[in-house]
Amino acid sequence: MTPLDGTPVLTAAQMRDAEEATGVSVEDLMHRAGTGIATALRRLAAGREVLILCGPGNNGGDGYVAANLLAAAGLSVRVAALAEPRSAAAIKARDGWGGAVEDVADAAPAAILVDALFGTGLSRPLDDAIANRLHELQATAQFSIAVDLPSGLATDDGAVLTRPPAFDVTLALGAAKPSHLLQPAARYCGAVRLLDIGLGAAGQERVLAAPALRDPGPDSHKYTRGLVAIVPGAMPGAAELASIAALRSGAGYVLLLTDAPGSPHAIVRRAWRDDALDDARIGAVLIGPGLGRDAQAQHRLDTALATPHRFVIDGDALHLVTPDRLATLKELAILTPHSGEFDALFGTSDISKIDRTRRAAARANAIVVHKGADTVIAAPDGRVAIAAHASDWLSTAGTGDVLAGAIAAMRAGLPDAFEAACAGVWLHADAARRCDKAFIADDLAVALTAARGAL
Ligand SMILES: NC(=O)C1=CN([C@@H]2O[C@H](COP(=O)(O)OP(=O)(O)OC[C@H]3O[C@@H](n4cnc5c(N)ncnc54)[C@H](O)[C@@H]3O)[C@@H](O)[C@H]2O)[C@H](O)CC1
Ligand SMILES: [K+]
């Protein structure tokens, strides 16, 4: 049982392919899954009675295997089924369970509830009676665990077919699935932990992991650590926040192109001029936070984009560019749209957020950081990272400006734009975790120093 960071994210079809590619039989994989579930349950149950709900497919099969192992280990465990198992592996697993099989409809509750009703094979909403029973049994349990996925969630796109209860823990078998990470499904999973069942598969989608950042050495100076230039506009506070965030993420030099005074003094301020970016030492240019959408904003953006720098493009600037314009930039840009900005730039669609973001990255030939409670980062070469759920307290003004500043600092210091975007998103989420509750964007920017210090 390990955290998801860095693990592959596979759809239901990719899981089936990965399972076949191992050359290991479904029965053996199910045994591995059941063994992992039983080991986790022994720890989580801590001697309390366990009720395992088993569905008709292989998810139910995993449940029977786990029940058998737990009973053999002396734990108090009961099994309740929805229907007869259908697959050969699940039938064999049920036959291996020596105890009684109760009916889910009238099974008595237990302290520990395990949902092994449906996993990656769910193809339609649950019957109302089943859904209601699952909610009742979960509400009376002290602790609830979903096997692979809470029953009711689609696997591939974060959709909720039937609203499940909110589980305490979900045990992801073999790999993370998109719905462990994408909203609205992810909120029902609780803490998601990976159970390794020996699948070798690795696609291009991964759960975001802590970046490996290099600390400065004796030869470092402010320019080698990265010079970030920030282009402000009509609402200066946003660029101020981004500037602090860039410094506290480890940039060596932050140049804010304004003559307005402000703090901290570590930020270098110089009035915007049309040649302000003619400096080869600039490692990254951030434009967008508080830029506005007026003629001055458009002029500053056009002037900036005519230079050969690495760009981080955020906020208002995303309304003043087109994917075609972005695709002509000399260096891979990083775009940081929230869902509204994303839709305005790339149009709406009902395919999964992962696929939409990947297509947008290819279309604009840029790294796209598609923000939200389920941030997806995609590169034009097909790499995708999906961030595990970050603090809901991030939903406050200015946090996006802080993220843009953190990413700009990373972009100035790292050669790979995708890795820079991932590192910025990681730092931002970790800073939020350190701020706990009801923080403001200024606190978040300050907490980046501690987040950077932990890497
Ligand atoms: N992929 C792997 O490497 C392994 C996965 N394991 C586990 O198997 C499940 C997936 O099993 P599968 O049999 O494909 O699907 P389910 O058990 O989720 O259910 C399919 C079953 O249910 C019927 N069904 C679908 N939707 C509904 C519905 N709304 N109401 C009623 N019935 C429904 C469908 O017709 C099928 O009969 C995966 O999540 C893992 O837990 C294995 O353990 C081995 C390795
Ligand atoms: K399940």
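Refer to the structure printed above.
Thresholds, definitions, all that
Residues numbered from 1 in each chain as written. Chains lettered and ligands numbered in written order. Predicted model: local features only at pLDDT ≥ 70, side-chain atom pairs only at ≥ 80, totals over all residues. Buried ≥ 20, exposed ≤ 12 C-beta atoms within 10 Å, placed from the backbone. Helix = DSSP H or I, 4+ residues; strand = E, 2+ residues; numbered from the N terminus. Right-handed = clockwise from strand over helix to strand, strands pointing away. Pairing = 2+ DSSP bridges. Near = placed C-beta within 6 Å. Nonpolar A, V, L, I, M, F, W, Y, C, P; charged D, E, K, R; others polar. Arc of directions from axis to C-beta. Axes fitted to C-alpha atoms, helices over the stretch in contact; angles between N-to-C directions. Parallel < 35°, antiparallel > 145°, perpendicular 65-115°, else oblique. Left-handed = near helix turned anticlockwise from the far one by under 90°. Contact = placed C-beta atoms within 7 Å.

1. Here's the deal with the pairing of strand β10 (residues 253-256)
Part 1 of the argument: Burial along β10 is two-sided: the face carrying Tyr253 and Leu255 and the face carrying Val254 and Leu256 are both buried.
Part 2 of the argument: In this fold, the crossover linking strand β9 (residues 227-231) to β10 by way of helix α6 (residues 236-248) has right-handed handedness.
Part 3 of the argument: Both β10 and strand β11 (residues 268-269) contribute to a ladder of 2 bridges, which runs parallel. Paired with Leu256 across the bridge in β11 is Arg269.

2. Here we look at the site of ligand 1
Part 1 of the argument: Around ligand 1 there are 31 residues in total, and Gly57, Asn58, Asn59, Gly119 and Gly121 lie nearest to it.
Part 2 of the argument: Going through the elements one at a time, α1 (12-22), α2 (26-45) and α3 (58-72) are the ones with two or more residues in the shell around ligand 1.
Part 3 of the argument: A per-element tally of the shell around ligand 1 places α3 first, with 5 residues.
Part 4 of the argument: When its residues are assigned to classes, the shell around ligand 1 shows 13 nonpolar, 12 polar and 6 charged.

3. What about helix α4 (residues 88-96)?
Part 1 of the argument: Along α4, the residues that are buried comprise Ala89, Ala90, Ala93 and Arg94. Seen from one end, α4 has its buried residues packed into an arc of 135°, which puts them on one side.

4. Considerations on the packing of helix α11 (residues 399-413) against helix α12 (residues 417-435)
Part 1 of the argument: Two elements in contact, α11 and α12, have axes separated by 8 Å at closest approach and are oriented at 140°. It follows from the interaxial angle that α11 and α12 lie oblique. The interaxial crossing formed by α11 with α12 has right-handed handedness. Across from Val402, Leu403, Ala406, Ile407, Met410 and Arg411 in α11, the residues of α12 making contact are Ala417, Ala420, Ala421, Ala423, Gly424, Leu427 and His428.

5. What to know about the pairing of strand β12 (residues 282-287)
Part 1 of the argument: Across the 6 residues that make up β12, a large majority, 6, are buried.
Part 2 of the argument: Of the strand pairs in this sheet, β12 and strand β13 (residues 311-313) are connected by 3 bridges, and their pairing is parallel. Residue Ile287 lies in a different strand from β13, and its bridge partner there is Ile313.
Part 3 of the argument: With respect to chirality, the unit in which β12 leads through helix α7 (residues 295-305) into the neighbouring parallel β13 is right-handed.

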